[in-house]
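Fold and contact review
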Amino acid sequence: MAIAVCPGSFDPVTNGHLDIIQRAGRLFDKVIVLVIVNPDKTPVFTREERVDMIQRSIDLPNVEVDSYCGLLADYVKKVGAAVIVKGLRAVTDFEYEFQMALTNKKLAPFAETMFLTTSASNMYLSSSVVRQVGSFGGDISPFVPEQIKQQIAQRLKRA
């Protein structure tokens with residue numbers, strides 16, 4: 001069984017993230033969407049909230065959601081994943097993601113990193129765009145799943 005891990009901070013999850021997750025779900029037997037805790041970031045949503053929002057946004061039988069505080073390579077080893085799936089929006093994403101892929105290859109040589117380019121309609125979209133628009137009371141409905149739009153909008157208005 002081919003297992004892939006799709007890691008990210010997902011603060012909050014966007015339609016761009018869902019695009020990558022759904023496409024990975026068609027390619028692999030099992031996809032684990034992994035909310036990674038990055039000690040260098042101060043998230044707006046708790047780890048539990050981010051896991052819950054992703055779970056409510058995805059209805060795919062071969063996709064599950066988990067969270068982890070530690071090295072991605074260690075998690076990939078733990079679950080026996082063969083692939084790390086990363087989404088790319090633009091060339092600017094590539095340099096950082098390429099560096100991370102090379103690091104993960106050193107730490108977990110059995111795992112490959114696969115880059116999926118986002119659909120053209122989501123190339124501009126990021127969690128930080130959602131946070132900025134939402135913090136000013138703007139309409140975030142084109143950017144996030146309908147099921148979690150209110151939760152995100154309410155939190156961002158208060159932030």
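Here is what the cut-offs are and how they apply
Residues numbered from 1 in each chain as written. Predicted model: local features only at pLDDT ≥ 70, side-chain atom pairs only at ≥ 80, totals over all residues. Heavy atoms only, no water. Buried < 20%, exposed > 50% of the residue type's maximum accessible area, 1.4 Å probe, protein only. Helix = DSSP H or I, 4+ residues; strand = E, 2+ residues; numbered from the N terminus. Pairing = 2+ DSSP bridges. Patch = residues over 30% accessible without salt bridge, like charges linked within 9 Å, V, L, I, M, F, W, Y side chains within 5 Å. Areas by Shrake-Rupley, 256 points an atom, 1.4 Å probe, with all protein chains shown as cover. Salt bridge = Lys/Arg side-chain N within 4 Å of Asp/Glu carboxyl O. Core = buried A, V, L, I, M, F, W, Y, C linked by side-chain atoms within 4.5 Å. Contact = heavy atoms within 4.5 Å.

1. So, the pairing of strand β1 (residues 3-8)
With six of its six residues buried, β1 lies for the most part within the structure. By the alternation rule, side chains of β1 split into Ile3, Val5 and Pro7 and Ala4, Cys6 and Gly8, which are all buried. The sheet contact formed by β1 and strand β2 (residues 30-36) spans six bridges and is parallel. Paired with Cys6 across the two strands is Val33, which belongs to β2. In this sheet, strand β4 (residues 83-88) lies alongside β1 in parallel orientation, the contact comprising two bridges. Looking at β4, one finds that Ala4 is bridged to Val83.

2. Description of a nonpolar patch on the surface
A cluster of nonpolar side chains, contributed by Phe94, Phe98 and Leu102, occupies part of the molecular surface with about 280 Å² of accessible area. Structurally, Phe94 is set in helix α4 (residues 91-107). Since its relative accessible area comes to 37%, Phe94 is described here as partly exposed.

3. Describing the nonpolar core
Counting 31 residues, the largest nonpolar core has Ile21, Val31, Val33, Ile54, Val85, Val130 and Ile152 as the members making the most contacts within it. For this core, the elements supplying multiple residues, two or more each, are β1, α1 (15-27), β2, α2 (47-57), β3 (63-68), β4 and α6 (149-158). Tallying contributions element by element places α1 first for this core, with four residues. If we ignore the near neighbours within four places in the chain, the residues touching Ile152 are Pro12, Val13, Phe45, Met53, Val130, Ile140 and Val144. Among the nonpolar cores identified, the runner-up in size contains 14 residues, and Ile3, Tyr75, Val76 and Ala108 belong to it.

4. Some thoughts on the environment of Ala111
Within the secondary structure, Ala111 is located in the loop between α4 and β5 (112-117). Sequence spacing of Ala111 and Arg26 is 85 residues, and the spatial spacing of their C-alpha atoms is 19 Å. Excluding anything up to four places from it in sequence, Ala111 contacts Val76, Ala81, Ala82 and Lys105.

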